[in-house]
2 protein chains.
Amino acid sequence: MEFALIERIRDRCTGARADVVLGIGDDAALLRVPAAHELAVTTDTLVAGVHFPHGADAADIGWKALAVNLSDLAAMGAMPAWVLLALTLPQADAAFVDGFASGFAELMQLHGVALVGGDTTGGPLAIGVTAHGLVPTGCALRRDGAQVGDAVFVTGTLGDAAAGLRWLDEARARRDGVDPSSRAALLQRMRRPTPRVAAGIALRGIASACIDVSDGLVADLGHVARRSAVGIRLHAAQLPASPALRAACAGELRIALQAAGGDDYELAFSAPPAHEDFILRELAALGCGATRIGSVVAGSGVQLVDAADRPVALAQPGWEHFA
Amino acid sequence: MEFALIERIRDRCTGARADVVLGIGDDAALLRVPAAHELAVTTDTLVAGVHFPHGADAADIGWKALAVNLSDLAAMGAMPAWVLLALTLPQADAAFVDGFASGFAELMQLHGVALVGGDTTGGPLAIGVTAHGLVPTGCALRRDGAQVGDAVFVTGTLGDAAAGLRWLDEARARRDGVDPSSRAALLQRMRRPTPRVAAGIALRGIASACIDVSDGLVADLGHVARRSAVGIRLHAAQLPASPALRAACAGELRIALQAAGGDDYELAFSAPPAHEDFILRELAALGCGATRIGSVVAGSGVQLVDAADRPVALAQPGWEHFA
């Protein structure tokens, strides 16, 4: 049975790469890392009821399981190459596996990634992905390089996924006056996040530090601040919002969703202010855009301030497992 | 909380490697693969109640979660280098995490492996490990190279882990007349399997095909037979048994445990008969030993025969998830 499930996934996740010497079907995959490159490796597990709602569409789960891992590679400025998939399923459900594989494969193909190994096990639904990317030696974006005086940017828009989760329940959305087309757009962003792979690569040599926004902007930039031994000051009014989020909510709620909501999978990064024009132009050309949202300052921690430079309190400072 | 758990594990899994450019604490690890080497990558998940008994000792679970992955690298002839750990826990249980990390770290240190990434999530207990090894280009052991006329060997002894599982219940062991010291030895082999890393490396350029015995000897050699498009003939009387297994049982039960029990994590491999002396001497020197148990023949599938060359029927042909 295990073998049959793996076959179903492999059949749907085609795509050969010359650097895969040996793919699925042996004790391990054999891979070739090109000269003068470093290997970036990350692993993330999604659990039903924690990272996606029970009953979520199988193809969306497949997409998201890969997207969150490619987003980690993007935050390193790495080019995705190979993935392994550990699938734990309550029962051998061919329809679920086919749906899952279709969403997973759709995103794989967009990035030319090869599935090179995996494992299926019986148990409560969970998906573990390990993703490998390649980056020229010394060019990776890290969390520890932010410098006082750098500007802080974020790609795309913030808060959509958290808003999608908030209004997953249709009756609640109606009650809150969220129009159906805005709700659909927010849900789509929650279900199918876009890893900013091209943006990460474009930021090699430009960004001084980078992280992807998974737990929430303030919480994630907190890691950058700590690792770089700096403070970060963010301007609430400058946080980018999508048209759907603007239509759905405003004021404190919107700021909270943008600053603490999480699950955005945008890149938040610092760079010398001299690079601002390049960054805005280059990332606009790549389709995601970027917005300057703050600066790196002496001190520690992340402070969100309003137009009058007063601290903005957030009801929910971040999102943690086991919270 | 997630961060605190990762810290606890990291603190217990020390050990630096010069090829780790960036370890735990960024979006991805950055690693250097040496020139003229291929990267071997494998992932395996252990689920409570499936791969180890509920209530098993945390340190034993940690050891085994790493051992099954290092065993896959051993079967490729790869030298283990880096691992990532995805830990799913019902609650943030520091005592469990500390115990788990101690067993995991103990085996890591034996093999000079570095923990370079991970993830902790709330959910039913499961452990996913992705292990990376290095092998000189073109020297990996694969499943698809067995040739008609090759001899078939296995390292160590077979059936102990399955016997340990059978007599996990002490009352049953007493009823079946298994003496306490044999039972203890069998349980130890089930709880703390030894990945045959040095043996795998010694077999580079010698073995024509190799696999580790996880699902059961006959089932696993079935993969070699299929991938190599050959048949394999095994002699039941030649399957190696430990003193503890010999003391605990005999006859059909012992053969079934050895041939189909699984969880042994020995290496089963084929090689030209001319290499037999080298193999027996070299693997004896490495401490695990090896036994010639059969040959590669024309045809397909794996056949187990008795001293009179009659097929031996096994009650339990292998072990599969969702079975």
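Because the structure is a prediction, the values reported are computed rather than measured.

1. So, the sheet that holds strand 8 (residues 209-212) of chain A
All names here are of chain A.
And then number 1: In space, the six strands of this open sheet follow the order 8-10-7-11-9-12, with mixed pairing throughout. Each edge of the open sheet carries a strand with a single partner, namely strand 8 and strand 12 (301-305). Pairs of neighbouring strands in the sheet enclose a mean axial angle of 25°, with direction left out of account.
And then number 2: In this sheet, strand 11 (residues 290-297) lies alongside strand 7 (residues 151-155) in antiparallel orientation, the contact comprising five bridges.

2. Regarding the domain arrangement of chain A
All names here are of chain A.
And then number 1: When the domains of chain A are assigned, the result is domain 1 (2-136) and domain 2 (151-305).
And then number 2: Between the C-alpha centres of domain 1 and domain 2 the distance comes to 25 Å.
And then number 3: Listed per partner, the contact involves 23 residues of domain 1 and 17 residues of domain 2.
And then number 4: Between domain 1 and domain 2, a total of about 1,600 Å² is buried, with carbon and sulfur atoms accounting for 59% of that surface.
And then number 5: Counting across the interface, domain 1 meets domain 2 through three salt bridges.
And then number 6: Ionic pairing is found between Arg192 and Asp60, a salt bridge with its closest N-O pair at 2.8 Å.

3. Some remarks on the interface of chain A and chain B
And then number 1: Listed by partner, the interface residues are 62 residues for chain A and 62 residues for chain B.
And then number 2: Note on chain A versus chain B: buried area summed over both sides is about 5,000 Å², and carbon and sulfur give 57% of it.
And then number 3: Note that Asp27 of chain A and Arg143 of chain B form a salt bridge whose closest N and O atoms lie 3.1 Å from each other.
And then number 4: Between the two partners, chain A and chain B, sit 20 residue pairs in polar contact (both at pLDDT 80 or more).
And then number 5: By residue number, the principal contributor to the side of chain A that touches chain B is strand 3 (residues 37-47) of chain A, which donates nine residues.
And then number 6: Looking at the side of chain A that touches chain B, its residues break down into 33 nonpolar, 15 polar and 14 charged.
And then number 7: The sheet contact formed by strand 3 of chain A and strand 2 (residues 29-31) of chain B spans three bridges and is antiparallel. Each residue of the ladder has a partner; that of Ala40 of chain A, found in strand 2 of chain B, is Leu30 of chain B.

4. Thoughts on the sheet that holds strand 3 (residues 37-47) of chain B
And then number 1: Read across the open sheet, the six strands follow the order 1(A)-2(A)-3(B)-6(B)-4(B)-5(B); overall the sheet is mixed. In the strand order of this sheet, the two ends are held by strand 1 (20-22) of chain A together with strand 5 (114-122) of chain B, each with one partner. Direction aside, neighbouring strands of the sheet carry axes that sit 20° apart on average.
And then number 2: Pairing of strand 3 of chain B with strand 6 (residues 126-136) of chain B, which is carried by 11 bridges, proceeds in the antiparallel orientation. By the bridge assignment, Ala40 of chain B is partnered in strand 6 of chain B with Gly133 of chain B.
And then number 3: Against the sheet, helix 3 (residues 94-110) of chain B engages strand 4 (79-89), strand 5 and strand 6 of chain B, with an angle of about 170° to strand 4 of chain B.

5. Considerations on the relation of the copies chain A and chain B
And then number 1: Note on the identical chains: chain A maps onto chain B by a rotation of 180° and an axial translation of 0.0 Å, with an RMSD of 0.0 Å. One copy is carried onto the other by what is essentially a two-fold rotation axis.
And then number 2: The fraction of interface residues of chain A whose copies in chain B are also interface residues reaches 100%, indicating that both copies meet through the same surface.

6. Some remarks on the confidence of the model for chain A
And then number 1: Summing up the model confidence of chain A, the mean pLDDT is 92 and the portion of residues at 70 or higher is 94%.
And then number 2: Below pLDDT 50 for its whole length, residues 317-323 of chain A participates in 26 contacts with residues either more than four positions away or in separate chains.

7. Focus: unusual backbone geometry
And then number 1: A positive phi angle, close to 65°, is found at Asp263 of chain B, a residue other than glycine.
And then number 2: With respect to the secondary-structure elements, Asp263 of chain B resides in the loop between helix 10 (251-260) and strand 10 (267-271).

8. Here's the deal with the packing of aromatic side chains
For any two aromatic rings, the description comes down to two numbers: the centre-to-centre distance and the angle of the planes.
And then number 1: Summed over the entire model, instances satisfying the criterion amount to six aromatic pairs over all chains.
And then number 2: Consider the rings of Phe100 of chain B and Phe104 of chain B, whose centres lie 5.7 Å apart with planes at 20°: the pair is stacked. With Phe100 of chain B and Phe104 of chain B both in helix 3, this residue pair falls four residues apart, about one helical turn. Of the two residues, Phe100 of chain B and Phe104 of chain B, neither departs from the other in class, the shared state being buried.
And then number 3: Both rings, one in Phe153 of chain B and one in Phe269 of chain B, keep their centres 5.4 Å apart while their planes meet at 15°; by these two values the pair is stacked. Of this pair, Phe153 of chain B sits in strand 7 (residues 151-155) while Phe269 of chain B sits in strand 10, placing them 116 residues apart in sequence. Across the pair, exposure class does not vary: Phe153 of chain B and Phe269 of chain B are buried alike.
And then number 4: Through successive ring pairs, a cluster of aromatic residues spans Phe96, Phe100 and Phe104 of chain A.

The rules behind these values
Residues numbered from 1 in each chain as written. Chains lettered and ligands numbered in written order. Predicted model: local features only at pLDDT ≥ 70, side-chain atom pairs only at ≥ 80, totals over all residues. Heavy atoms only, no water. Pairing = 2+ DSSP bridges. Helix = DSSP H or I, 4+ residues; strand = E, 2+ residues; numbered from the N terminus. Axes fitted to C-alpha atoms, helices over the stretch in contact; angles between N-to-C directions. Domains from an automatic or database assignment. Contact = heavy atoms within 4.5 Å. Buried area = accessible area lost by both parts, 1.4 Å probe. Salt bridge = Lys/Arg side-chain N within 4 Å of Asp/Glu carboxyl O. Polar contact = N/O pair within 3.5 Å; in protein donor to acceptor, adjacent residues only side chain to side chain. Nonpolar A, V, L, I, M, F, W, Y, C, P; charged D, E, K, R; others polar. Least-squares fit on C-alpha atoms with pLDDT ≥ 70 in both. pLDDT = per-residue confidence, 0-100. Phe/Tyr/Trp six-rings, centres within 6.5 Å; stacked < 30°, edge-to-face > 60°. Buried < 20%, exposed > 50% of the residue type's maximum accessible area, 1.4 Å probe, protein only.

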